[in-house]
Amino acid sequence: MTTLFRRKAVAVAFTALALTLAGGGIAVAQPAAQAPAEVAVRQPGSGSQPAVTPAEARKAKAALAQGPSALATAPGTVASAVVSSGGTLLRGSPEVVSATRYGPGQYQVLFNYNVSLKTFVATIGTTDPYNVPPGGEVSVAPRLQTPNAVFVQTRTSSGSAADRPFHLVIAN
């Protein structure tokens, strides 16, 4: 009787293995799922970045070609920028090339070296020494298709896009 159960157990194990392999083969043979024709593009103010224009791409490449000093990007150093709510670069370290305002609360800060793998820190900040900065929020991210730029978004405390002055630090 035990021989009968052993034979059945072996038969069941082989059957399970065969069905598993057959099922896997069928899954592999199926065509891959089709990607959606278009990826949903987020609307401005929802966290999206404006497209990089050809002129901006040329400017970014020229800034990269200029390059920083070796000491400026050494580990442990920082690059910084103070930008007005209108997108004007008020002051910053020598590695900062420019600041650009795209729309309400959307800015780009351009550097003369690759900052894509660096640490970005920003805060809403005043642009003069005697005032308290306006309330709000700030977010930073690498700039799409531009390794030497940072994208900054500023918002009101309630979350709607708004122009706010900010201070940006890049930790090397």
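For the structure, see preceding data.
Residues numbered from 1 in each chain as written. Predicted model: local features only at pLDDT ≥ 70, side-chain atom pairs only at ≥ 80, totals over all residues. Heavy atoms only, no water.

1. Regarding the nonpolar core
Applicable threshold: Nonpolar cores were defined as sets of buried Ala, Val, Leu, Ile, Met, Phe, Trp, Tyr and Cys residues, with membership established by side-chain atoms within 4.5 Å. Accessibility here uses a 1.4 Å probe with only protein chains present; expressed as a share of the type maximum, an area under 20% marks a residue as buried, one over 50% as exposed, and anything in between as partly exposed. We call two residues in contact whenever any of their non-hydrogen atoms come within 4.5 Å of each other.
Membership of the largest hydrophobic core comes to 16 residues, with the highest contact counts inside it found for Val-109, Phe-111, Val-150 and Ile-170. Beyond its immediate chain neighbours, meaning those up to four positions away, Val-150 contacts Tyr-107, Gln-108, Val-109, Phe-111, Val-115, Phe-120, Val-140, Ala-141, Arg-143, Leu-168 and Ile-170.

2. Focus on the sheet that holds strand E2 (residues 89-92)
Strand pairing in a sheet relies on backbone hydrogen bonds, with the paired strands running either antiparallel or parallel. This is how the line gets drawn: A pair of strands counts as paired when DSSP detects no fewer than two bridges linking them. Starting at the N terminus, helices and strands are each numbered in turn, a helix being any DSSP run of H or I of at least four residues and a strand any DSSP run of E of at least two. An axis is simply a line fitted to the C-alpha atoms; with a helix, the fit covers only the stretch in contact. Between two such axes, the angle follows the N-to-C directions and lies from 0 to 180 degrees.
Here four strands make up an open sheet; going across it, the order is E2-E1-E8-E5 and the pairing antiparallel. With partners counted over all chains shown, the strands left at the sheet margins are E2 and strand E5 (119-124), one partner each. This sheet shows a mean twist of 15° between the axes of neighbouring strands, independent of strand direction. One ladder, built from six bridges, connects strand E1 (residues 78-83) with strand E8 (residues 166-171); its direction is antiparallel. What sits directly across from Val-82, in E8, is His-167.

3. Observations concerning the packing of aromatic side chains
Quick note on the threshold: A pair of Phe, Tyr and Trp rings is counted when the ring centres sit within 6.5 Å of each other, with Trp represented by its six-membered ring. The angle between the planes then sorts it: under 30 degrees is stacked, over 60 is edge-to-face, the rest tilted.
Taken as a whole, this structure holds two aromatic pairs when the rule is applied. Here Phe-111 and Tyr-113 contribute two aromatic rings whose centre-to-centre distance is 6.2 Å and whose plane-to-plane angle is 70°, an arrangement assigned as edge-to-face. Pair check on accessibility: Phe-111 and Tyr-113 agree, each one buried.

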